[in-house]
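A structural walkthrough
Here are the chains, one letter per residue:
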Amino acid sequence: MKQYQSLEAARLSVAPMMDWTDRHCRYLHRLLTKRTLLYTEMVTAPALVRGQALHLLRFDAAEHPVALQLGGSDPVELAQACVLANDHGYDEINLNVGCPSDRVQSGCFGAILMENAPLVAECVAAMQAASTCEITVKCRIGVDDQDPSQVLPDFISKVAQAGVTRFQIHARKAWLKGLSPKENRDIPPLDYDLVVAMKAQFPELHISINGGITSLDQAEELLARGLDGVMIGRTAYHSPADVLCAADARIYGETGESDPVEAVHQMIPYIERHIAEGGRLNQITRHMLGLFTGRPGARAWRRVLSDGAPREGAGPELLLEALDRVTGGDIEGGNP
Ligand SMILES: Cc1cc2nc3c(=O)[nH]c(=O)nc-3n(C[C@H](O)[C@H](O)[C@H](O)COP(=O)(O)O)c2cc1C
């Protein structure tokens, strides 16, 4: 029997976000919440299998529970990608059936797969056979002219028959023609009721809802409607302290809240290691700019880091300088 560490964690998760939820970002998020499930950026199966880009699978042991998101639509290649991932010890592997970008459409994966549930079923069956961890699916409620109330239950049922028991549903359609990926995250209307209805229709499945969730209050309301999990994307990135510092207490029943100032101090040894290995400060601090959003000193914090971190030779002492501004600092939206 496989043990799925990510199942319990999945009550709250930070969404996969390309260029954003890299391993440095996840390390920071993990300092703010011990329990929340963290997703990687999407890694495509062709990049791993054909491109041998195995460095994309690296992560720090502190990041657990952590889920790898794969993109692809070839069952054989996805299975090979799972084999490559097995050695790294991810807690879950997730298939992307939600990303609408052109590049992804041309490779025939992402949201366009909402039109081909049998192929998704084949993909996840092959991934399960090859993987040592649980396979889950992140999808939309439909694409283009599809009727979500018809397509979504049919999709879930077919993919569940292949053995998937956990879904993360971005509660809006993707319009594959005419909208940019960014517009596709805002313009198609959200339909939370449909996702709640999916949980009622498939009570044995674990269903997480995603899209437009900006606070723990909202997350708790959705959990109270019977959903098993809530996935937060942009707010977790732009204002991580708002949704992650109290997550362990409010979502998982632990005591105490984490402190973003403490997290900055805890990032310093991590940054020192990164720089010693030839990395640059900015690769990490770019994910930290929103740490004090809405709190005193937020603006000065962002300014010191964004001005100073890209400079040649910049080191972790810049964080201490920026922190000085936070503790004495200006209020977000107030005068600099
Ligand atoms: C910069 C960015 C990159 C994203 N990359 C991915 C991705 O790689 N895979 C994926 O499934 N979704 C991706 N998404 C979509 C998010 O996972 C999420 O579904 C979407 O942002 C809606 O949630 P939110 O309203 O909480 O942000 C991305 C979103 C953003 C903002």
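Before reading on, note that the structure itself is shown above.
Before going into details, it helps to say that this report is about the structure given with it. This is a predicted model, so every value here is computed, not measured. (Residues numbered from 1 in each chain as written. Predicted model: local features only at pLDDT ≥ 70, side-chain atom pairs only at ≥ 80, totals over all residues. Heavy atoms only, no water.)

**Considerations on the sheet that holds strand β5 (residues 134-139)**
Backbone-to-backbone hydrogen bonds join strands into a sheet, with any given pair of strands oriented parallel or antiparallel. Around the barrel, which closes on itself, the eight strands sit in the order β1-β2-β3-β4-β5-β6-β7-β8 with parallel pairing between neighbours. On average, adjacent strands in this sheet sit at an angle of 25 degrees to one another, irrespective of strand direction. Note that strand β1 (residues 12-14) and strand β8 (residues 229-232) share three bridges and pair parallel. Its bridge partner lying in β8, Ser13 is registered against Met231. Packed on one face of the sheet, helix α4 (residues 75-86) meets β3 (66-71), β4 (92-97) and β5 and runs near 150 degrees to β3. This element, helix α8 (residues 192-201), spans β6 (166-170) and β7 (206-210) of the sheet and lies at about 175 degrees to β7. (Pairing = 2+ DSSP bridges. Helix = DSSP H or I, 4+ residues; strand = E, 2+ residues; numbered from the N terminus. Axes fitted to C-alpha atoms, helices over the stretch in contact; angles between N-to-C directions. Contact = heavy atoms within 4.5 Å.)

**Considering the packing of helix α2 (residues 23-32) against helix α13 (residues 260-276)**
The contact between α2 and α13 brings their axes to 9 Å, and the two run at 145 degrees. Crossing angle aside, the handedness with which α2 passes α13 is right-handed. Residue-level contacts link Arg23, His24, Tyr27, Leu28, Leu31 and Leu32 of α2 to Pro260, Ala263, Gln266, Met267, Tyr270, Arg273 and His274 of α13. Taken together, the residues of the contact of α2 with α13 sort by class into eight nonpolar, three polar and two charged. (Left-handed = near helix turned anticlockwise from the far one by under 90°. Nonpolar A, V, L, I, M, F, W, Y, C, P; charged D, E, K, R; others polar.)

**Looking at the site of the ligand**
In the vicinity of the ligand there are 17 residues, among which Pro16, Gln69, Asn210, Gly212 and Arg234 approach most closely. Gln69 places a side-chain nitrogen or oxygen 2.7 Å from a nitrogen atom of the ligand. In the model, an oxygen atom of the ligand is placed 2.9 Å from a nitrogen or oxygen of the Lys138 side chain. Relative to its unbound accessible surface of 610 Å², the ligand loses 93% to contact with the protein. Residues belonging to the shell around the ligand are distributed by class as follows: seven nonpolar, seven polar and three charged. (Near = heavy atom within 4 Å. Polar contact = N/O pair within 3.5 Å; in protein donor to acceptor, adjacent residues only side chain to side chain. Areas by Shrake-Rupley, 256 points an atom, 1.4 Å probe, with all protein chains shown as cover.)

**What to know about the side chain of Lys138**
Along the chain, Lys138 falls in strand β5. Although Lys138 is buried, it makes no salt bridge; Glu92 carries the closest opposite charge, 11 Å away. With sequence-adjacent residues up to four places away left out, Lys138 is seen in contact with Pro16, Gln69, Asn94, Leu95, Asn96, Val97, Gly98, Gln168, Asn210 and Met231. (Buried < 20%, exposed > 50% of the residue type's maximum accessible area, 1.4 Å probe, protein only. Lys, Arg positive; Asp, Glu negative; His and termini not counted. Salt bridge = Lys/Arg side-chain N within 4 Å of Asp/Glu carboxyl O.)

**What to know about α8**
Every buried residue of α8 is accounted for by Tyr192, Leu194, Val195, Val196, Met198 and Lys199. Tucked into the core, α8 has its buried residues touching α7 (148-161), β6, β7 and α9 (216-224). The N-cap residue of α8 is Asp191: its side-chain oxygen and the backbone nitrogen of Asp193 are 3.4 Å apart.

**Digging into α13**
An ideal rise of 1.5 Å per residue puts 24 Å on 17 residues; α13 measures up with 24 Å between its terminal C-alpha atoms. For α13, the complete set of buried residues consists of Pro260, Ala263, Val264, Met267, Ile268, Tyr270, Ile271 and His274. Capping the start of α13, Asp259 holds a side-chain oxygen 2.9 Å from the backbone nitrogen of Val261, two or three residues further along. Following α13 by one or two positions, Gly278 adopts a phi angle in the positive range, close to 100 degrees. (Expected span 1.5 Å × (residues − 1).)

**What to know about the packing of α4 against helix α6 (residues 117-130)**
Their axes nearest at 8 Å, the elements α4 and α6 cross at an angle of 30 degrees. Considering their axes alone, α4 and α6 lie roughly parallel with respect to each other. Classified by chirality, the crossing of α6 by α4 is right-handed. Residue-level contacts link Pro75, Leu78, Ala79, Cys82, Val83 and Asn86 of α4 to Leu119, Glu122, Cys123, Ala126, Met127 and Ala130 of α6. Its residues assigned to classes, the contact of α4 with α6 shows 10 nonpolar, one polar and one charged. (Parallel < 35°, antiparallel > 145°, perpendicular 65-115°, else oblique.)

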